[in-house]
Amino acid sequence: MRAMRRLGRKWKDQEEVSHAWRCAVLDRAQGRCERCQNYVGGALLHCHHRIPRSRAAKADKWNPANGVALCGPCHDGVHKHYLPDWREWIDSHEWRHET
């Protein structure tokens, strides 16, 4: 039972960190897709990790500079691999490093 309580707290901490990261990424985007620049409003933007959490250094996993706000079509394009320039865009884009 004690282990379950610890796991529950860890999950809650993770949820809070994830929420704070998402808010920081969306605040930076100001309602615009950071790839196509279309204004869609914050509620319709998706937050995507530039470097996947599974491959990011621990300090970078939840750094807002490792996030990008994308509209639905751009986010789908990333996951369905029909945006052939995605990797080049990510590599060439100047990101504002935030802590």
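Residues numbered from 1 in each chain as written. Predicted model: local features only at pLDDT ≥ 70, side-chain atom pairs only at ≥ 80, totals over all residues. Heavy atoms only, no water.

Engineer: Explain helix 2 (residues 72–79) here, please?
Structural biologist: Buried within helix 2 are the following residues: Cys74, His75, Gly77 and Val78. Angularly, the buried residues of helix 2 cover 160° about the axis, an arc narrow enough to put them on a single face. The inward-facing, buried residues of helix 2 abut strand 1 (46–49), strand 2 (67–70) and helix 3 (86–92). Just past helix 2, the residue His81 takes up positive phi, approximately 60°. (Buried < 20%, exposed > 50% of the residue type's maximum accessible area, 1.4 Å probe, protein only. Helix = DSSP H or I, 4+ residues; strand = E, 2+ residues; numbered from the N terminus. Arc of directions from axis to C-beta. Contact = heavy atoms within 4.5 Å.)

Engineer: Is there a simple way to explain the packing of aromatic side chains in this structure?
Structural biologist: Aromatic rings considered in pairs are described by the distance between their centres and by the relative angle of their planes. Under the counting rule described, the total for this entry stands at 1 aromatic pair. Ring centres 5.6 Å apart and planes at 80° place the aromatic pair Trp21 and Trp62 in the edge-to-face group. A residue pair is termed long-range when its members are at least 10 positions apart, and Trp21 in helix 1 (residues 2–29) and Trp62 in the loop between strand 1 and strand 2 qualify at 41 residues. By the burial criterion, Trp21 is buried, and Trp62 matches it. (Phe/Tyr/Trp six-rings, centres within 6.5 Å; stacked < 30°, edge-to-face > 60°.)

Engineer: Please explain the nonpolar core as it appears in this structure.
Structural biologist: The tendency in soluble globular proteins is for nonpolar side chains to be buried side by side. Within the largest apolar cluster, 18 residues are counted, with the highest numbers of intra-cluster contacts made by Cys33, Leu45, Ala69, Leu70 and Trp86. For this core, the elements supplying multiple residues, two or more each, are helix 1, strand 2, helix 2 and helix 3. In this view, Leu70 contacts Cys33, Arg35, Leu44, Leu45, His46, His48, His75, Val78 and Trp86; residues no more than four positions away in its chain are not counted. (Core = buried A, V, L, I, M, F, W, Y, C linked by side-chain atoms within 4.5 Å.)

Engineer: Even after reading the chapter, I still don't get the environment of Leu26, so can you show me in this structure?
Structural biologist: If you trace the backbone, Leu26 turns up in helix 1. By relative accessible area, Leu26 is classed as buried at 16%.

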